[in-house]
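Per-entry structural report
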Amino acid sequence: MGGSPATGPAHAHSPPLRRWLAENARHDIPASLIVFLVAVPLSLGIAAASGAPVLAGLIAAVVGGVVAGLFGGSPLQVSGPAAGLTVVVADLIARFGWTVTCAITVIAGVLQVVLGACRVGRAALAVSPTVVHAMLAGIGVTIVLGQAHVLLGADAPGSAWANLTALPGGVLSPDPASALIGVGVVALLLVWPRLPARVRAVPGPLVAITAATALTAVLALPIARVSLPDSPLSALHLPELPDGEWAAFAVGVLTMTLIASVESLLSAVAVGKMRPGIRTDFNRELRGQGLANITSGMIGGLPVTGVIVRSSTNVRAGARTRASAVMHGLWVLLFSVVLVGLVEQIPMAALAGLLVFVGLRLVEWGNIRSAKRHGELAVYLVTISCVVFLDLLQGVLIGLACALLATVRRIVWARVRVEPAEPDAEGRPACAVVVEGTLSFLSVPRLSRMLAQVPEGSAVHLELVVDYLDHAAHDHITAWRHAHEGTGGSVVVDEIGGPGLSARRKSGPAPRWLSPWSHWQRVHPTIPLQVRGHEVLHPLVTGAREYHRRGAPMLRPHLRRLASSQQPHAMFLTCADSRIVPNVITASGPGDLFTVRNIGNLVPDPRDSGDLSVHAGVQYAVDTLGVPVVMVCGHSRCGAMTALLSDPSDDPMGQWLRWANPSLAAWRDGHPLGLHAAADGWSEVDQLAMVNVAVQLETLRRLPVVERSGVRLVGLFFDIPTGTLLMLDELTQRFEPLPGRGALPRPREATRTAVADSPDDLPTAR
């Protein structure tokens, strides 16, 4: 009954507990149990790896679940002890002892509350993802290097370098029993994700630890097990301040604050992506994590952060509210009090195997590939190396510095290359100098060195693909250009990017794929282009070269997928007018539109078989390609409509335009679309062009292939002066702006004196 529609309004006014029991309890309770089963072995393993009391991991799990679950800003995030702080905590315990480490946890929590109160939660997201991923990977490597020795039945020597150098000896002479249990846990966890879904419903870590414990007991293996105090209450420790080393103490506080905050916020972001619609308050999340760390540190628990492993488990298990995280903490508390004797049966090698698996999972190959793809592989490698072989804080700071330097270099450093070209018509050597990026004074030395490679007296094509050109670079290029032309050479400057050499330029040019050739091609008078004796082919050849240089490499992967077949989204019937470029006005690319063009975007009458070209195109698009939409697009200042109004002669053009006579008759008879267009201020030519679209749609509807397929027909109209694409609303019989766009600007006097662009166009008013 709780799921019936009638109960919805009643629950909205019921007490929160009753509403939760009716709507979400059946989802949250099972999810909390699953997360609990994952959290217990991980918490024990992290505590053991940190060198802290084992129960400190369970204390942190309880506090993280209850306190951070109640007060955090990410409802479905689960908090507790995290592998990301294992190295930090281990170093702090080794230097200060456990009680001082608890004090560091408390103060770090206070700082987190302050940061949340200052509303800087989102600022932590400004940390480079590459540095964060490398930091976690470095922690993972450190955990593996340390716990591998425990897995093999020995103690870790200490530093990462010592652990690494001693590892071959440990592998050659392991303790057989410990190695059997530890390697078995790792192998089981690696295989677990590949098992059937019904088997994977039980958490892998729980199965691995339970199986290892049972096997150890059955075989009576003589290996080390978890050691707990006689009373769980003896695990509670009050924090203490250090006797000295205050600078190191402060560094520890800042390190813990930074890592715990960043890891929690990044985990919250990931949880938000897994369950769209769940809103995260990052500042509240910081305050909740801070309160959890204050509480955990005060009673002798490990530091608390948001943990992506438990959080993702919570989401996948179907949790609906923060009650799942809170209850998971209560289950851990119940386990710690009632079943603490079972913990002492767990082999240390099993926990070490679990941690080796967790450490390996922190090194994600997808993150390495992403860093390489974004040109940040060096930042990743430097960060992970420094985290492993120096310490966590130094590694993160060095990584951030490298990321900042890489960003600054990309911003202020231009790429310059000199490419050879074929000699010009006069036989002079030629080359192209391509400058890409931001051309500032910092790049002038490299620019000067590359320009010095240009032969004297050569024909140079200087291509500036820049988004910024400062005064120093401008002066250097100008001076070099004058000097080179003084040697008898020539320089054609092609400015593709934003601010260039022209002082009169107010804004950057439109992208080349949107601009006509005349906008970006400039023919230098001293460099005539001979293509089979025809200089008129210059725009085409230059454009083709531009395509092969820039467009083809970007399109090639997409074109490979289209090589065997095409699946366009629509058929686009439009006028042959050169000013109408379907792929530009629809922001589409290869494979998107099946385009048919003719003068006046006409559809010959299906009852007359004199011209079947359009009919064939429609049939192929609908029957063979399966397009769901057929669009007819007219446009303003149409030469065909102008000729139709001026009584065309009986030449081929006039004979073709007979298919538009029904449109002319409909307009003259007062077609509603024409009347509305006239009221809106459109010219007679444009009124007729709009009516023509509607009439051609009616002709299409009579085609047998359209009648039987049920394909959708859409009318469009492109206004050339304003660059606006309108859609026909058949209910109101008007061309309206597309959904999500503002109203079309009213006709302006400035557009009424425009001269037609084709010989048979007449000056028309808009």
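Refer to the structure printed above.
First things first, this report covers the structure right here in the doc. (Residues numbered from 1 in each chain as written. Predicted model: local features only at pLDDT ≥ 70, side-chain atom pairs only at ≥ 80, totals over all residues. Heavy atoms only, no water.)

**Thoughts on the overall build of the chain**
Helix and strand counts for the chain come out as 32 helices and twelve strands. For the chain, with 766 residues in total, the buried portion stands at 48%. Restricting to contacts in the chain with at least 6 residues of sequence separation, those with at least 24 account for 73%. Working note: accessible area of the chain is about 36800 Å², and carbon and sulfur atoms make up 63% of it. (Helix = DSSP H or I, 4+ residues; strand = E, 2+ residues; numbered from the N terminus. Buried < 20%, exposed > 50% of the residue type's maximum accessible area, 1.4 Å probe, protein only. Contact = heavy atoms within 4.5 Å. Areas by Shrake-Rupley, 256 points an atom, 1.4 Å probe, with all protein chains shown as cover.)

**Here we look at the environment of Ile143**
Tracing the chain through its elements places Ile143 in helix α7 (residues 129–151). Discounting residues that sit within four places of it in the chain, Ile143 has contacts with Ala83, Thr86, Ala148 and Leu355.

**Describing the side chain of Ser663**
One can find Ser663 in helix α29 (residues 661–668). A polar contact is formed between the side chain of Ser663 and the side chain of Gln696, at a distance of 3.3 Å. Filtering out sequence-adjacent residues up to four positions away, Ser663 remains in contact with Leu688, Val691, Asn692, Val695 and Gln696. (Polar contact = N/O pair within 3.5 Å; in protein donor to acceptor, adjacent residues only side chain to side chain.)

**Re the sheet that holds strand β5 (residues 459–469)**
The strands that make up a sheet are held in pairs by hydrogen bonds between backbone atoms, and each pair lies either parallel or antiparallel. Read from one edge to the other, the open sheet built from four strands follows the order β3-β4-β5-β6, with strand pairing classed as mixed. Every interior strand has two partners, whereas the edge strands, β3 (415–421) and β6 (490–495), have only one. Taking the axes of each pair of neighbouring strands and ignoring which way they run, one obtains an average angle of 15° across the sheet. Two strands pair when backbone bridges link them, and β5 and β6 are joined in this way by six bridges, in the parallel orientation. (Pairing = 2+ DSSP bridges. Axes fitted to C-alpha atoms, helices over the stretch in contact; angles between N-to-C directions.)

**A word on the sheet that holds strand β10 (residues 712–719)**
A sheet is described by the order of its strands in space; here six strands give the open sequence β8-β7-β9-β10-β11-β12, paired in mixed fashion. At either end of the open sheet lies a strand with only one pairing partner, and these are β8 (593–598) and β12 (734–737). This sheet shows a mean twist of 30° between the axes of neighbouring strands, independent of strand direction. Sheet topology places strand β11 (residues 724–729) next to β12; four bridges connect them, and they run antiparallel. Within β12, the position partnered with Leu726 by the bridge is Pro737. Of the strands in this sheet, β9 (629–635), β10, β11 and β12 touch helix α31 (residues 684–701), which is tilted by about 165° from β10.

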